[in-house]
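Examination of the molecular architecture
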Amino acid sequence: MTNLSAFIGQLPKAELHVHLEGCLEAELLFELAERNDVALPWRSAAALRAAYQFDDLQSFLALYFQGCQVLRREQDFYQLTRDYLARAHADGVVRAECFLGPQSFTEQGVPIQAVIEGTLRAMADAEREDGISAGLLVSAHRHRSEADAFALLDSVLPWADQLAGFGLGGAEVGNPPEKFTRYFAELHRLGQATTAHAGEEGPADYVRQAVELLGVDRIDHGIRALDDPQLTAELAQAKMPFTVCPISNVKLQGVESLAQHPLPRMLAAGLTVTLNSDDPAYFESSLADNYRQCAQAFDLDAAALAGLAAASLRAAFLSDEQREPHLSELAAQLAAVRAAAPAEQQSGRAGA
Ligand code: ADE
Ligand code: ZN
């Protein structure tokens, strides 16, 4: 695994499904709580980390939204985003498309300018200083109303041409995509790229709704789509990208273990699959960790891992001109590893 682990770390990858709120490491959470005079129910960062035990999405979101309370000032959003992008850059991420859900902050009286400007400034600095490309996906909470989503859209319109797109996250079951049909129609009218979480805990029909009613460009998670073979075949044919988050699905008990994860079945069905971390601070696993653990669990070789990374670059909201150099570098790295080691040494379980 050591050679393969280094290969994974260097492989040019796009991270297409990561929530900036979910990048809030326990130590930074405590630092911001002190700076902003926010009372916390945990005595220390270690006690907070010990609370990272989740039964399902809902129990996770309760802790995640509590963590959001410490983010109050533009500098906080800057630091959160800049720190994540530094870690991602070190992990071989060349393009990061990051969700942020401003409703958690604006409802507490944080000005929308602080949220967006702090985040975009960190992205610009990371690009200039590290060369990592980053885009902001403004995420609406599906457990709130469609009217709230429209109010969110109005509030971010001044930055519309600086955004990578819009997403839909939060508590899935009971909040089907159809609730946001008019909101997504408006996003498309404005020429924005869109994604929606669907089929994480919700049924395959939510994935169908996200595609047919919302017209999304990517499905976030989507693992439950496999329950509907007809839908699966249609989405394979359409080359719809799925931003799958295997470790997240295990941590939120959507699947029993990584070995039981449907990733191999999704690939075998011909779906366009990308790997992602979702909430790396809370799941204590980066994007490269997702690649490494999947390599181990499913015995993926260098070519399979490079295929997943190439899929992520192709599914990124980038121009072909921006994408091509990364795909060329990826092909060069795969050729180098093939030249250096016989195929039997390149699988995820070799040497383990
Ligand atoms: N927000 C952060 N992580 C999420 C997830 N896994 N599903 C839905 N909304 C989220
Ligand atoms: Zn997510």
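Report follows, based on the coordinates. (Residues numbered from 1 in each chain as written. Chains lettered and ligands numbered in written order. Predicted model: local features only at pLDDT ≥ 70, side-chain atom pairs only at ≥ 80, totals over all residues. Heavy atoms only, no water.)

1. Quick notes on the packing of aromatic side chains
Test applied: Each pair of aromatic rings taken from Phe, Tyr and Trp, with Trp reduced to its six-membered ring, is defined by centres within 6.5 Å and is described as stacked if the planes are under 30 degrees apart, edge-to-face if over 60, and tilted in the remaining cases. Numbered from the N terminus, helices here are DSSP runs of H or I no shorter than four residues, and strands are runs of E no shorter than two. Three labels apply to residues, based on accessible area from a 1.4 Å probe with only protein chains included: buried if under 20% of the type maximum, exposed if over 50%, partly exposed otherwise in between.
Applying the stated criterion across every chain yields a total of 13 aromatic pairs. Between F60 and Y282, the ring centres sit 5.7 Å apart and the planes meet at 75 degrees, which makes this aromatic pair edge-to-face. Here F60, found in helix α4 (residues 57-68), pairs with Y282, found in helix α14 (residues 280-283); they are 222 residues apart in sequence, far enough to count as distant. Across the pair, Y282 and F60 agree in class, each one buried.

2. Focus on the environment of A341
Inspection of the secondary structure assignment puts A341 in the segment after α17 (320-340). Judged by its relative accessible area of 13%, A341 is buried.

3. Observations concerning the sheet that holds strand β5 (residues 195-198)
Where we set the bar: We treat two strands as partners when DSSP finds at least two bridges between them. Lines fitted to the C-alpha atoms define the axes, with helices restricted to the stretch that makes contact. Angles between their N-to-C directions range from 0 to 180 degrees. Only heavy atoms matter for contacts: two residues are in contact if any of them lie within 4.5 Å across the pair.
Across the sheet, which stays open at both edges, the four strands sit in the order β5-β6-β7-β8 with parallel pairing between neighbours. Taken across any chain shown, the strands that pair with only one partner, and hence form the sheet edges, are β5 and β8 (272-275). Averaged over neighbouring strand pairs, the angle between their axes works out to 30 degrees when direction is ignored. Where strand β6 (residues 218-221) lies against strand β7 (residues 241-244), two bridges are found, and the strand directions are parallel. Each residue of the ladder has a partner; that of D220, found in β7, is T243. Where helix α10 (residues 204-212) meets the sheet, it contacts β5 and β6, and its direction lies at approximately 170 degrees from that of β5.

4. Description of helix α11 (residues 229-237)
For clarity, the threshold we go by: This arc describes the spread of directions from the helix axis toward the C-beta atoms.
All buried positions along α11 are accounted for by L231, T232, L235 and A236. In a view along the axis of α11, the buried residues occupy a sector of 135 degrees, so they form one face of it. Facing away from the buried surface of α11 by more than 90 degrees, the exposed residues are P229, Q230 and Q237. On the buried face of α11, the contacting elements are α10 and β7. Of the residues one or two after α11, K239 is the one with positive phi, at around 55 degrees.

5. Regarding the coordination of the zinc ion (ligand 2)
Geometrically, a metal with four donors at the corners of a regular tetrahedron has ideal angles of 109.5 degrees, and one with six donors at the corners of a regular octahedron has ideal angles of 90 or 180 degrees. Selection criterion: Donor atoms are limited to N, O and S found within 2.8 Å of the metal ion, a distance that becomes 3.2 Å for Na, K and Ca. With water left out, some sites might look partial. Working rule for geometry: tetrahedral if four donors all subtend angles between 85 and 135 degrees; square planar for four, octahedral for six, if opposite donors exceed 155 degrees and the others stay between 65 and 115; irregular in every other situation.
Taken together, the protein ligands of the zinc ion (ligand 2) are H17 (NE2), H19 (NE2), H197 (NE2) and D278 (OD), with distances of 2.0 to 2.2 Å. Considering all four donor atoms around the zinc ion (ligand 2), the spread of angles at the metal, 85 to 174 degrees, places the coordination shape in the irregular class. Site description for the zinc ion (ligand 2): donor spacing in sequence, H-x1-H-x177-H-x80-D. Remark: D278 occurs in the loop between β8 and α14 and H17 occurs in strand β1 (residues 13-19); sequence separation between them is 261 residues. D278 carries the same exposure label as H17, and that label is buried.

6. Topic: the pairing of strand β3 (residues 133-141)
On a regular strand, each side chain points to the face opposite its neighbour's, so the side chains alternate between the two faces of the sheet. Counting buried residues along β3, nine of its nine residues qualify, which places the element largely inside the surrounding structure. Side chains S133, G135, L137, S139 and H141 project from β3 onto one buried face, and the interleaved A134, L136, V138 and A140 project onto a second face that is buried too. By the bridge criterion, six bridges tie strand β2 (residues 93-100) to β3 in an arrangement that is parallel. Bridge pairing links C98 to L136 in β3. As paired strands, β3 and strand β4 (residues 165-169) are joined by five bridges and run parallel to one another.

7. Here we look at the packing of helix α16 (residues 302-315) against α17
The criterion, for reference: Put simply, angles under 35 degrees are roughly parallel, angles over 145 are roughly antiparallel, angles from 65 to 115 are roughly perpendicular, and the rest are oblique. Under the scheme applied, nonpolar residues are Ala, Val, Leu, Ile, Met, Phe, Trp, Tyr, Cys and Pro; charged residues are Asp, Glu, Lys and Arg; polar residues are all the others, including Gly.
Packing of α16 against α17 brings their axes to within 10 Å, and their N-to-C directions diverge by 180 degrees. Comparing the axis directions of α16 and α17 gives the class roughly antiparallel. On the side of α16, the interface is formed by A302, A303, A306, A309, A310, L313, R314 and A315, while α17 contributes R323, H326, L327, L330, L334, V337 and R338. Split into classes, the residues belonging to the contact of α16 with α17 amount to 11 nonpolar, one polar and three charged.

8. A word on the pattern of salt bridges
Once the charged atoms of two side chains with opposite charge are near each other, the side chains can pair. Note the cut-off: Salt bridge, as used here: a side-chain nitrogen of Lys or Arg that lies within 4 Å of a carboxyl oxygen of Asp or Glu.
Here the structure, examined in full by the defined rule, presents 21 salt bridges. The partner of E31 in a salt bridge is R35, and the shortest N-O contact between them spans 3.5 Å. Placement of both E31 and R35 in helix α2 (residues 26-35) is noted, with a separation of four residues, approximately one turn of the helix. E31 gets classed as partly exposed once you look at its relative accessible area, which sits at 40%. A salt bridge links D130 to R82; the shortest N-O distance between them is 3.1 Å. Note that D130 is positioned in helix α7 (residues 112-130) and R82 in helix α5 (residues 74-90), a separation of 48 residues in sequence. Residue classification places D130 among the partly exposed positions, given a relative accessible area of 25%. Judged by relative accessible area, R82 falls into the buried class, the value being 12%. When salt bridges with common partners are traced through the structure, they connect R82, D125, R128, E129 and D130 into a single cluster.

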